[in-house]
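# Summary of the model geometry
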Amino acid sequence: MKRVFSAWLFALFGVIGMASTAQAELRLAMFEQAGCAYCIMWHNEIGPIYPKTPEAAVAPLMTIDLRGPLPEGLSIKSKPVFTPTFVLLRDGVEIDRLEGYPGEDFFWGLIGKMLREQPEWEQSLIEKGGVEG
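Residues numbered from 1 in each chain as written. Predicted model: local features only at pLDDT ≥ 70, side-chain atom pairs only at ≥ 80, totals over all residues. Heavy atoms only, no water.

### Quick notes on the overall build of the protein chain
Within the protein chain, the regular secondary structure consists of five helices and four strands. Secondary structure elements in the protein chain, listed N-terminal to C-terminal, are α-β-α-α-β-β-β-α-α. Looking at the protein chain as a whole, 35% of its 133 residues qualify as buried. When the accessible surface of the protein chain is summed, it comes to about 8600 Å², and 61% of that surface belongs to carbon and sulfur atoms. (Helix = DSSP H or I, 4+ residues; strand = E, 2+ residues; numbered from the N terminus. Buried < 20%, exposed > 50% of the residue type's maximum accessible area, 1.4 Å probe, protein only. Areas by Shrake-Rupley, 256 points an atom, 1.4 Å probe, with all protein chains shown as cover.)

Have a look at this one:
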């Protein structure tokens, strides 16, 4: 009986593990460059808050130097021209983009719109037990 239960438990954890690895990874890449006043503003106004938000739980932030090489495994539609440029990535492939930093109020609305269109957003709300706009 213990063997049957152990085998069943092992199979269950294997399925759960496969499901979690099969889930797509959503990331928000911030392309920035030294001396960019809007990047500095973003880091002062949003930087300390972002990691604590539902947005970060769905799309963790990664920063990329505009003038540096593109990290391995990323595929974007075109090299950003303006900084900061925020690129929403699914498994390293660009799916949406916000160019520039329009200020704190507009940033949350625009990033929120990008994320609300993704299935991970609704799933994160379900997991937290609520539904938001």
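Following the structure, the description resumes.
### A short note on helix H4 (residues 104-116)
Taking 1.5 Å as the rise per residue, H4 with 13 residues should run 18 Å; its terminal C-alpha atoms sit 18 Å apart, in good agreement. For H4, the set of buried residues is Phe107, Ile111, Gly112, Met114 and Leu115. Burial along H4 is one-sided: seen end-on, the buried residues are contained in an arc of 160°. Of the exposed residues in H4, those oriented more than 90 degrees away from the buried face are Asp105 and Phe106. (Expected span 1.5 Å × (residues − 1). Arc of directions from axis to C-beta.)

### So, the pairing of strand E1 (residues 26-32)
Counting buried positions along E1 gives six out of seven residues, so the element sits mostly inside the fold. Two strands pair when backbone bridges link them, and E1 and strand E3 (residues 85-90) are joined in this way by six bridges, in the antiparallel orientation. The partner of Phe31 across the bridge, within E3, is Thr85. Sheet topology places E1 next to strand E2 (residues 61-65); five bridges connect them, and they run parallel. Looking at the pairing, Leu28 lines up with Leu61 of E2. (Pairing = 2+ DSSP bridges.)

### Digging into the sheet that holds E3
The strand order across the open sheet formed by four strands is E2-E1-E3-E4, and the pairing between neighbours is mixed. Two strands close off the open sheet at either side, each with one partner strand: E2 and strand E4 (93-99). Going across the sheet, the axis of each strand differs from the next one's by a mean of 25°, ignoring polarity. Together, E1, E2 and E3 form the strand contacts of helix H2 (residues 37-45), whose direction differs from that of E1 by roughly 135°. Sheet strands touched by H4: E1, E3 and E4. Its angle to E4, the strand with the most contacts, is close to 160°. (Axes fitted to C-alpha atoms, helices over the stretch in contact; angles between N-to-C directions. Contact = heavy atoms within 4.5 Å.)

### Remarks on the pattern of salt bridges
Going through the model one piece at a time under the given rule, you end up with five salt bridges. Its salt-bridge partner being Arg97, residue Glu94 comes within 2.8 Å of it at the nearest N-O pair. Overall, Arg97 belongs to the buried group, its relative accessible area being 19%. With its nearest N and O atoms 3.0 Å apart, the salt bridge here joins Lys113 to Glu117. Beyond isolated ion pairs, a larger network of salt bridges with shared partners links Glu94, Arg97 and Glu99. (Salt bridge = Lys/Arg side-chain N within 4 Å of Asp/Glu carboxyl O.)

### Overview of the side chain of Glu55
By the element assignment, Glu55 lies in helix H3 (residues 54-58). Buried charge Glu55 goes without a salt bridge, the closest partner of opposite sign being Arg116 at 6.8 Å. In contact with Glu55, not counting residues within four places along its chain, are Tyr50, Trp108, Ile111, Leu115 and Trp121. (Lys, Arg positive; Asp, Glu negative; His and termini not counted.)

Any functional reading would require information that these geometric values do not contain.
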